[in-house]
Each structure stands twice: as C-alpha cells, then as structure tokens.
Amino acid sequence: MDVTRGARGELVIRIEGTFDRQAASRLSGWLGEIPASSPLVLDFSGVRDVQDLGVAAMAGQLCGRDAVEVVGLGRHQQRLLRYLGVTLVPPAGDEEALG
C-alpha cells in the first residue's frame, strides 16, 4: 500500500496484490488515523484479487466518512460496500461509475 496526496489535495491510498482480510486489517489501521471529514480515494487498480471478506472487513472504517472515492473495484464490491453502509462518491469525472 502506498499513501500520497492527489491533485485536489485528497489522500490517495493505492492498494496492490491481493486484497484479503489481512490487507483490510492494515488498511483499517491507516483509515483509523484519517479524520472522517478528509477527502479520501482508495485505488484498487493494482489489485489482482479482491476478496469479499476483505471488503466487508474494511467497511466498518469507511462508514460515516464524508466522502470515499473508490477506483478499480468491480460493481459487485461497490454494491457490497453500499449494502454495508458505506457512502461512495463517483470517481472524479465519472458520475455514472457507481450506477
């Protein structure tokens, strides 16, 4: 995982490899340090395997955040996050991405 600042000042966390329960635990630790009002982008573009258990495990840390932009997740994982109470915003310039 790599943490940087995006062009709009948002925090960008890039995730690679397999996103499983262990990766979700690491990510949840980082998310606990970020204020809920801070703009956040989770970039899963480099992930080759997204496990539903990992998505479910990180959902608790994402609930209640003002804005979470997720890039690189399939519609199934996006729906799972919404079912678990996460409010997602569409990626910049792609208002139809979360349809």
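Parameters at a glance
Residues numbered from 1 in each chain as written. Predicted model: local features only at pLDDT ≥ 70, side-chain atom pairs only at ≥ 80, totals over all residues. Heavy atoms only, no water. Helix = DSSP H or I, 4+ residues; strand = E, 2+ residues; numbered from the N terminus. Rg over C-alpha atoms; globule rule 2.2 N^0.38 Å. Buried < 20%, exposed > 50% of the residue type's maximum accessible area, 1.4 Å probe, protein only. Contact = heavy atoms within 4.5 Å. Areas by Shrake-Rupley, 256 points an atom, 1.4 Å probe, with all protein chains shown as cover. Pairing = 2+ DSSP bridges. Axes fitted to C-alpha atoms, helices over the stretch in contact; angles between N-to-C directions. Parallel < 35°, antiparallel > 145°, perpendicular 65-115°, else oblique. Left-handed = near helix turned anticlockwise from the far one by under 90°. Nonpolar A, V, L, I, M, F, W, Y, C, P; charged D, E, K, R; others polar. Phe/Tyr/Trp six-rings, centres within 6.5 Å; stacked < 30°, edge-to-face > 60°. Patch = residues over 30% accessible without salt bridge, like charges linked within 9 Å, V, L, I, M, F, W, Y side chains within 5 Å. Salt bridge = Lys/Arg side-chain N within 4 Å of Asp/Glu carboxyl O. Core = buried A, V, L, I, M, F, W, Y, C linked by side-chain atoms within 4.5 Å.

Novice: Which parts of the structure should I look at to understand the overall build of the protein chain?
Specialist: Broken down by element type, the protein chain carries three helices and five strands. Mapped in sequence order, the helices and strands of the protein chain form the string β-β-α-β-α-β-α-β. Its C-alpha radius of gyration of 12 Å places the protein chain within 12% of the 13 Å reference for a compact globule of 99 residues. For the protein chain, the spread of C-alpha atoms along the three principal axes comes to 30 × 30 × 25 Å. Looking at the 99 residues of the protein chain, the share that counts as buried comes to 39%. Restricting the contact set of the protein chain to residue pairs at least 6 apart, pairs at least 24 apart contribute 58%. Summing over all exposed atoms, the protein chain offers an accessible surface of approximately 5,400 Å²; the carbon and sulfur share of this is 47%.

Novice: I would appreciate a short explanation of the pairing of strand E2 (residues 11-19) in the present structure.
Specialist: Successive side chains on a regular strand alternate, one facing one side of the sheet and the next facing the other. The sheet contact formed by strand E1 (residues 2-5) and E2 spans four bridges and is antiparallel. Counterpart to Arg 5 in the pairing with E2 is Leu 11. Where E1 hands over to E2, the hairpin turn is made up of five residues, of which Gly 9 adopts a positive phi near 90°. Pairing analysis gives eight bridges linking E2 to strand E3 (residues 40-50), with the strands arranged parallel.

Novice: In this structure, what is going on with the packing of helix H1 (residues 21-31) against helix H2 (residues 52-62)? I would like to understand it.
Specialist: When two helices pack together, you describe them by how their axes are tilted relative to each other and by the distance separating the axes. Their axes nearest at 8 Å, the elements H1 and H2 cross at an angle of 15°. By the criterion of interaxial angle, the relationship of H1 to H2 is roughly parallel. Remark: the crossing between H1 and H2 carries right-handed chirality. Along the contact surface, H1 presents Arg 21, Ala 24, Leu 27, Ser 28 and Leu 31, while H2 presents Leu 53, Gly 54, Ala 57, Met 58, Gln 61 and Leu 62. Classifying every residue of the contact of H1 with H2 gives seven nonpolar, three polar and one charged.

Novice: How should the packing of aromatic side chains be read in this particular structure?
Specialist: What characterises a pair of aromatic rings is the spacing of the ring centres plus the angle enclosed by the ring planes. Taken as a whole and judged by the stated rule, the model has one aromatic pair. Ring centres 5.0 Å apart and planes at 85° place the aromatic pair Phe 19 and Phe 44 in the edge-to-face group. A residue pair is termed long-range when its members are at least 10 positions apart, and Phe 19 in strand E2 and Phe 44 in strand E3 qualify at 25 residues. With respect to class, Phe 19 is no different from Phe 44; both count as buried.

Novice: Before we go on, may I ask you to explain a nonpolar patch on the surface in this structure?
Specialist: Taken together, the side chains of Met 1, Val 3 and Trp 30 define a hydrophobic patch exposed on the protein surface, amounting to about 240 Å² of accessible area. Mapped onto the secondary structure, Met 1 falls in the segment before E1.

Novice: Help me understand the nonpolar core, please; the structure alone is not making it clear to me.
Specialist: Across soluble globular proteins, nonpolar side chains show a tendency to be buried alongside one another. Core analysis: the biggest nonpolar cluster contains 24 residues, and Phe 19, Leu 42, Phe 44, Met 58, Leu 62 and Leu 81 have the highest contact counts within it. Mapped onto this core, the elements with two or more residues apiece are E2, H1, E3, H2, strand E4 (68-71) and helix H3 (75-83).

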